[in-house]
There are 4 protein chains.
Amino acid sequence: MTPSEILATSPLDLAPYEDLYRHFHAHPDLSKQEKATSETAAGHLARLDAFEIHTHIGGYGFVGILRNGPGKTVLLRADMDALPVQEVTGLPYASKTTQERGIGSGDVKPVMHACGHDMHITCLLAAAETLVRLRHAWSGTLLVLFQPDEERGEGAQAMVDDGLYGKHNIPVPDYAFGQHVMRLRAGTVGIRPGTIMAAADSMKIKLYGRGGHGSLPHQTVDPVLLAANVVTRLQGIVSREVNPSESAVVTVGSLHAGEAENVIPDEAELGIDFRSGNLETRQQILSAIERVVEAECVASGSPRKPLFTHTRRFPPTINDTSVTAKLAVSFHEHFKDHFDPDTPRTNVAEDFSTLATCQARPSAFWFFGGIDTAQWDEAVRTDSLDEIPGNHSARFAPAIQPTMRTGVDALCIAALTFLTGGE
Amino acid sequence: MTPSEILATSPLDLAPYEDLYRHFHAHPDLSKQEKATSETAAGHLARLDAFEIHTHIGGYGFVGILRNGPGKTVLLRADMDALPVQEVTGLPYASKTTQERGIGSGDVKPVMHACGHDMHITCLLAAAETLVRLRHAWSGTLLVLFQPDEERGEGAQAMVDDGLYGKHNIPVPDYAFGQHVMRLRAGTVGIRPGTIMAAADSMKIKLYGRGGHGSLPHQTVDPVLLAANVVTRLQGIVSREVNPSESAVVTVGSLHAGEAENVIPDEAELGIDFRSGNLETRQQILSAIERVVEAECVASGSPRKPLFTHTRRFPPTINDTSVTAKLAVSFHEHFKDHFDPDTPRTNVAEDFSTLATCQARPSAFWFFGGIDTAQWDEAVRTDSLDEIPGNHSARFAPAIQPTMRTGVDALCIAALTFLTGGE
Amino acid sequence: MTPSEILATSPLDLAPYEDLYRHFHAHPDLSKQEKATSETAAGHLARLDAFEIHTHIGGYGFVGILRNGPGKTVLLRADMDALPVQEVTGLPYASKTTQERGIGSGDVKPVMHACGHDMHITCLLAAAETLVRLRHAWSGTLLVLFQPDEERGEGAQAMVDDGLYGKHNIPVPDYAFGQHVMRLRAGTVGIRPGTIMAAADSMKIKLYGRGGHGSLPHQTVDPVLLAANVVTRLQGIVSREVNPSESAVVTVGSLHAGEAENVIPDEAELGIDFRSGNLETRQQILSAIERVVEAECVASGSPRKPLFTHTRRFPPTINDTSVTAKLAVSFHEHFKDHFDPDTPRTNVAEDFSTLATCQARPSAFWFFGGIDTAQWDEAVRTDSLDEIPGNHSARFAPAIQPTMRTGVDALCIAALTFLTGGE
Amino acid sequence: MTPSEILATSPLDLAPYEDLYRHFHAHPDLSKQEKATSETAAGHLARLDAFEIHTHIGGYGFVGILRNGPGKTVLLRADMDALPVQEVTGLPYASKTTQERGIGSGDVKPVMHACGHDMHITCLLAAAETLVRLRHAWSGTLLVLFQPDEERGEGAQAMVDDGLYGKHNIPVPDYAFGQHVMRLRAGTVGIRPGTIMAAADSMKIKLYGRGGHGSLPHQTVDPVLLAANVVTRLQGIVSREVNPSESAVVTVGSLHAGEAENVIPDEAELGIDFRSGNLETRQQILSAIERVVEAECVASGSPRKPLFTHTRRFPPTINDTSVTAKLAVSFHEHFKDHFDPDTPRTNVAEDFSTLATCQARPSAFWFFGGIDTAQWDEAVRTDSLDEIPGNHSARFAPAIQPTMRTGVDALCIAALTFLTGGE
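This one's a predicted model, so the numbers in the text were calculated from it and none came from an experiment.

### What to know about the UniProt feature "binding site: Mn(2+)" (unreviewed entry) in chain A
All names here are of chain A.
Consideration 1: Per the UniProt record, the feature "binding site: Mn(2+)" (unreviewed entry) sits at Cys115, His117, Glu151, His180 and His392. These residues run over 278 residues, yet every pair of their C-alpha atoms falls within 12.7 Å of each other.
Consideration 2: By the element assignment, Cys115 lies in the loop between β5 (108–110) and α4 (117–133).
Consideration 3: Taking relative accessible area as the criterion, Cys115 reaches 7% and is therefore assigned buried.
Consideration 4: Among all residues touching Cys115, those that are not within four sequence positions of it are Leu83, His120, Glu151, His180, Val181, Asn391, His392 and Phe396.

Next up, the structure:
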């Protein structure tokens, strides 16, 4: 039997999971503070009475292990954290939660699952139950991993650094899979071989001048002009240096210097974010930024070397070609025309792949649609897709169905593809 | 008799004025809040029993009128306000004063006479007493004007707008004179025909983009790149457009845009200050700034016109050629080698000239040195003049003598030059 | 029978075509001067005694029509012109040809088939003979079109403008196909749905300043600074405005202004080339260039609007999805592992598609390898593929086989795919 | 007697010199080719039968020595070369001369005394005759120096390098004087202490990139973008680095890169000229240019260091303060209101001062007017001074009188000032 046929033998009633989803949606947790979410999810998993559960890995991360005979080890992953966004969806289960950003900080924020991780958690729990029910039909080891702190790109690495495959003794997966609900038509699934999501890096750069009175520029080194030259010069990285087919982006998102119109300040600070499709391009851009910034400081006669502070780093999400090809066959059989094997890559970033690359294991990641089908079709008709809110919007919330059914099925199909057959 | 000879007939004992100076130095007032300073000075002037005193002109400004027979009307001006600077001179009479910036604002600042206006007030009071004692030797009308709010460039205009020559009925001067203590050797006086101090203008400029995610620049209009291009483009005004002999300066003192590295913001704000030696150049620069900024907004596809907010404006201080030539003769006779008729013009600005230009009357302004002579000569010897603190420094305080004597004499000589002789 | 099976029934001896190829290689013609090449090729085609031949279409272009019963009309196209390059391949049949660029101009250039069009001609002639021999196995109309002046992007349009489908009465094809020999392993064929080659546009832009003495910049409008600002500003089109996934390129290839160091010139001239994957992006870039250049002229106070002169225009080469899918099936069957259905798109440009888009007909274009297989494999082994000369190099010449066999087969397979079956 | 009184004792008839001027005007010589001019002038000087004449110093330069008893040595200098300009004055004595630029070069140019050196030569010859006739009234040594190759800034240095004060044994002057006819009212003379004419430096800078196809920028280092960044970056030298009072200018007069729109070239060449008022500022600008250019090359990842070639160098013309003060007294007595002791400095350059600075001797240089008085006064009346052609214009020719009389008198007064009196 094919994975799709196996799955068809035991359809799961998702109604309880829809309630669970609404609960997660109404009770989001900020990154690194996913205590309640993690406990609820782990409690639910425990009630399946099939998984060996390891908690508190890299913060509130946890893993359930289902050992089901000889065979491959497959890891399915969901991420759990939410965003400091004030929800305005108007849904009956909209979040009213606020949380301190950093316990004890006094910096209280509204919190919202504006990125759909609540859907990811729920789908993975429902897939776990499904695969428990289908355990006679497959053989091997299933890992369900619930990751904290994806939004800031640190949770996957934190789990690895905390001994995920070391002191916690989680079996190293042969294949790792993850998924993300996106601004696509609900019911659809898309994947592509190679890079599907970009690497993302953020940094702050402090540039040093020498301040003085605005009427006496010759006694100063003007950091405002230096910063302006850096910004214009950085455009050349994407326009001239990176292969045009790489879809790279270098953004200066913030620039701050000086207080008064007539005082030349001592320094300027840039905030830079860049996207790259693979590690070679990432390194190329990083080197180019450093080269440009350092040379511009020399051009200005800056009295000190610039200070680079890396503030965030996401790896590229690169789907293994062979694994993706096999998934494509299964997904195509199951989702038919609702499956796109060549979904466009995005410059949005994820840290999922770290869970596999840290052990040099192949992985794949796919998108599934979250937009109500009637809403989507009407937007297509009126050429207004751009007006549908996307991830991170205060108005983003997936239609529960067929979104959830699709997400559960995709996880099950992926696991079954690699846990059946003699391979 | 020449002015210098007249002055020699009645030397004033300055000891009480040295005490008065120390009092003013220890009790500075911020701009627009010169109540105590104004009352002390006006009270002192009243005790001379010679001046008709008009107070509360344009805030705490006041004028004393000494009508002394037929002849010309000469205005002598001192400015009264201090700066939000924490004094670190260590002087026994150093300021410990703090003041709210804006009564009731809660924004409490340390206050210091870091620009030497305390010396200006004291010199003018002593000159007033001297000229009262010498009233037999001259004929005409003497005006002593104490101006508020010079630092923000609004006091002279405020006095004019408040009816200085209107409802307050102060006689329009035939000649107006002002002076400033500077980082020059104490005992010296310098003047020059034409522009001696630049015009200064400050403005804020808001540039509009359209924000979005840092990985999706094509959905945005990037105001950071726009701002950077404006800054680099503005350099061309001084380097290419203004006559090189004009000594113009255009400074972008502040630049602010964005909060996060990975979010392209909606707007950017520049703070600009520029200096020009005359009104034609001022207008040329102003037009060029507007032309460049507006064109760069078009180049970026900015969705809205930029917003210009003028925050400060000082006129150029242009010494009347004929008046200055006459002053030069008198000053040279009195100060001998300590007088420089060709002192370099400075890009620092003053609003004094408004008191004369508003009535199309000629005026002149000079500098007098405030640096202790021994300290100065040692600095010359060791080529370390640059290390002597200048105006606005927290370490700037003139040596009381011969600074004060020079400032008093210069005011008296100027008045006598135009109040004697049959002209 | 499949196209590949049909083709196998009548293998053509290519030895005479190898000689013909060497002849074409040794006797290249510059663009618009392909008289000898055209006559040789048309003569060869005539000797097949099957085609109705129409010559002198859009210059030296010609078309052969083989009417072979009811069915679809398929156009196969080869381009004929060579480049002003001094060949340094050292081949026994290397070109020693020189030609005047523009008859009577006196501007004599060495000429070389450095782009492989000699191979295109020969393959198309051999394919014509093959399809004549296989005429019993297919039904419909075959057009073989030999186009002049591809290098300057004007030949296809010239043929259309000269009445290709009008006064010359060539049947409008249902499908049009073209191919290009590339720096790929000989024996391989690659295609992709959608954009396979970029649109390319070239233009000159004259920027107007106002000249003067280098020491008196304020009396001038400096076109050198203007040009520099245009160049730096144009970088933002690719770095910020175009979707990063579009692989767009904007290049300023030339910039000329001024003669003497100390004279500010009156004007500057830029030469710009840009690449885009579709007509929307092309228009976006074109508009952005105009917007940026015009705004920068305003920013400089330029006395005249810039002058844009379009010097070259290639359309994008966009493979019809459905046609390409059918080709992919046939090519895969025939070339097996030597066929790549997802060959990377290139920013190099072609004018082939005009022959189809002018009539709103679908078309497809593919690449076939020209690099000797042993050389290629060695270069892969030593990671030195970059050192193999590519198209337009003075050292570029395809290995005759299996290059030619592959090119002939690809053309035949394509034609047979759409001239067999009842469709 | 004062110099002016001495001069009045022996008025010279200038009619023959007016003829001589017309001869020189009609027969100009290009720089380094002043053979005929030099011979004519030296022949004329010889006929005075008073000067010891040394010819062929630094090319066609020559010096006449008049030893006239004990006292100071005064050098008066005229420059002799003309410009490659086609005269369009329409004067009866307009130049119709053409000359090869570089004998044997075949590069034939029209030649014109468009800078007024013909007037300089004639005035100096007439002054020489006058001073011979007045030899009883002064004592000391008079040097009249006729310099070649001023336009390219090499003649004064060439005379020095050729042993002017060495093997040619010309006495080292105590004072050196020169003058230039300018676009000022004829009859007027202007001087100023300190810098009267700027230093001028010219250079070519080659910037290295790595060329390639315009559609493949990532395989190149784009020298056009590099050059553009250098040009925009260089603006900061004047706008931010040099003291605004220095009147410095940095001009990029030429910029050349690339031939084709779609080919990224290998290199770019800039032509730069800069002006500075003294040697410190000159060095500051030179260092800043090198710093900026080298750093921008690094910022671009340029494969080679930039190549700087200095093409021209004029020193600043700095009038000795004490000498100028003495001249001012004499000039004021003689020229009355037609003398301006504070004439504006100009950014035009001269190499005269080298003749004095090479021996650390004081010098002074002044301007005298060449514009017909009626024409000037009318232009003042109609506010159209800008339309009067200036030096280097094809329409520039001084009114012969009172220009010549003024120039002769100024030279004589200067010499007499320092050759009379017991100093």
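We are not done yet, so read on.
### Concerning the packing of aromatic side chains
All names here are of chain B.
Consideration 1: Considering all chains together, one arrives at 40 aromatic pairs over all chains under this definition.
Consideration 2: Aromatic pair Tyr21 and Tyr93: ring centres 6.1 Å apart, planes at 75°, arrangement edge-to-face. Pair noted here: Tyr21 is in helix α2 (residues 15–26) and Tyr93 is in the loop between β3 (73–79) and β4 (98–100), with a separation of 72 residues, a long-range link. Tyr93 shares its class with Tyr21; the two are buried.
Consideration 3: Ring geometry for Phe352 versus Phe365: centroids 5.4 Å apart, planes at 40°, classification tilted.

### Quick look at the nonpolar core
Consideration 1: With 124 residues, the main nonpolar core has A:Ile289, B:Ile289, C:Ile289 and D:Ile289 as its most contacted residues.
Consideration 2: With near-sequence residues (within four places) excluded, B:Ile289 lies in contact with B:Met203, B:Ile205, B:Leu234, B:Ile237, B:Val250, B:Ile272, B:Phe274 and B:Phe308.

### A closer look at the environment of B:Phe274
Residues and elements named next belong to chain B.
Consideration 1: With respect to the secondary-structure elements, Phe274 resides in strand β14 (residues 267–276).
Consideration 2: Considering only alpha carbons, one finds Phe274 and His332, 58 residues apart in sequence, at a separation of 34 Å.
Consideration 3: Discounting residues that sit within four places of it in the chain, Phe274 has contacts with Ala199, Ala200, Asp201, Met203, Val249, Val250, Arg282, Ile285, Leu286 and Ile289.

### Considering the UniProt feature "domain: Peptidase M20 dimerisation" (unreviewed entry) in chain A
Consideration 1: The residues that UniProt annotates with the feature "domain: Peptidase M20 dimerisation" (unreviewed entry) are residues 202–297 of chain A.
Consideration 2: With 40% helix and 31% strand, residues 202–297 of chain A has end C-alpha atoms that lie 20 Å from one another.

### Focus: the relation of the copies chain C and chain A
Consideration 1: It takes a turn of 179° to lay chain C on chain A, together with a shift of 0.1 Å along the axis; the resulting RMSD is 0.2 Å. Classification of the inter-copy transformation places it as that of a two-fold axis. Among all residues of chain C, the one whose C-alpha sits closest to the rotation axis is C:Ser239, at a distance of 2.6 Å.
Consideration 2: Mapped onto chain A, 100% of the interface residues of chain C again fall at the interface, so both copies present the same surface.

### Some details on the packing of helix α6 (residues 223–241) of chain B against helix α6 (residues 223–241) of chain C
Consideration 1: Running from N to C, α6(B) and α6(C) cross one another at 180°; their axes reach a closest spacing of 12 Å. When the axis of α6(B) is compared with that of α6(C), the two are roughly antiparallel. Side by side, α6(B) and α6(C) meet where B:Leu225, B:Leu226, B:Asn229, B:Arg233, B:Gly236 and B:Arg240 of the first sit next to C:Leu225, C:Leu226, C:Asn229, C:Arg233, C:Gly236 and C:Arg240 of the second.
Consideration 2: Taken together, the residues that form the contact of α6(B) with α6(C) break down as four nonpolar, four polar and four charged.

### Considering the pattern of salt bridges
Consideration 1: In total, this model carries 98 salt bridges over all chains according to the counting rule given.
Consideration 2: Residue D:Arg133 pairs with D:Glu129 through a salt bridge whose shortest N-O separation is 3.9 Å. Here D:Arg133 and its partner D:Glu129 are both found in helix α4 (residues 117–133), four residues apart, which amounts to about one turn of the helix.
Consideration 3: With a relative accessible area of 39%, D:Arg133 lands in the partly exposed category.
Consideration 4: One network of salt bridges, with partners in common, ties together A:Arg77, A:Asp79, A:Glu350 and A:Asp351.

### Here's the deal with the interface of chain C and chain A
Consideration 1: Facing twelve residues of chain C, the contacting portion of chain A comprises twelve residues.
Consideration 2: Of all residues in chain C, C:Gln235, C:Arg240 and C:Pro244 give up the largest surface area on contact with chain A, accounting jointly for 47% of the area buried on that side.
Consideration 3: Our count for the contact surface shared by chain C and chain A stands at eight residue pairs in polar contact (both at pLDDT 80 or more).
Consideration 4: Contributions of two or more residues to the side of chain C that touches chain A are made by α6 and β12 (249–257) of chain C.
Consideration 5: Examining the composition of the side of chain C that touches chain A, we find that four residues originate from one element, α6(C), more than from any other.
Consideration 6: In the side of chain C that touches chain A, the residues fall into five nonpolar, six polar and one charged.

Parameters and conventions
- Residues numbered from 1 in each chain as written.
- Chains lettered and ligands numbered in written order.
- Predicted model: local features only at pLDDT ≥ 70, side-chain atom pairs only at ≥ 80, totals over all residues.
- Heavy atoms only, no water.
- UniProt positions renumbered as here; feature names shortened; annotations may be inferred.
- Helix = DSSP H or I, 4+ residues; strand = E, 2+ residues; numbered from the N terminus.
- Buried < 20%, exposed > 50% of the residue type's maximum accessible area, 1.4 Å probe, protein only.
- Contact = heavy atoms within 4.5 Å.
- Phe/Tyr/Trp six-rings, centres within 6.5 Å; stacked < 30°, edge-to-face > 60°.
- Core = buried A, V, L, I, M, F, W, Y, C linked by side-chain atoms within 4.5 Å.
- Least-squares fit on C-alpha atoms with pLDDT ≥ 70 in both.
- Axes fitted to C-alpha atoms, helices over the stretch in contact; angles between N-to-C directions.
- Parallel < 35°, antiparallel > 145°, perpendicular 65-115°, else oblique.
- Nonpolar A, V, L, I, M, F, W, Y, C, P; charged D, E, K, R; others polar.
- Salt bridge = Lys/Arg side-chain N within 4 Å of Asp/Glu carboxyl O.
- Buried area = accessible area lost by both parts, 1.4 Å probe.
- Polar contact = N/O pair within 3.5 Å; in protein donor to acceptor, adjacent residues only side chain to side chain.

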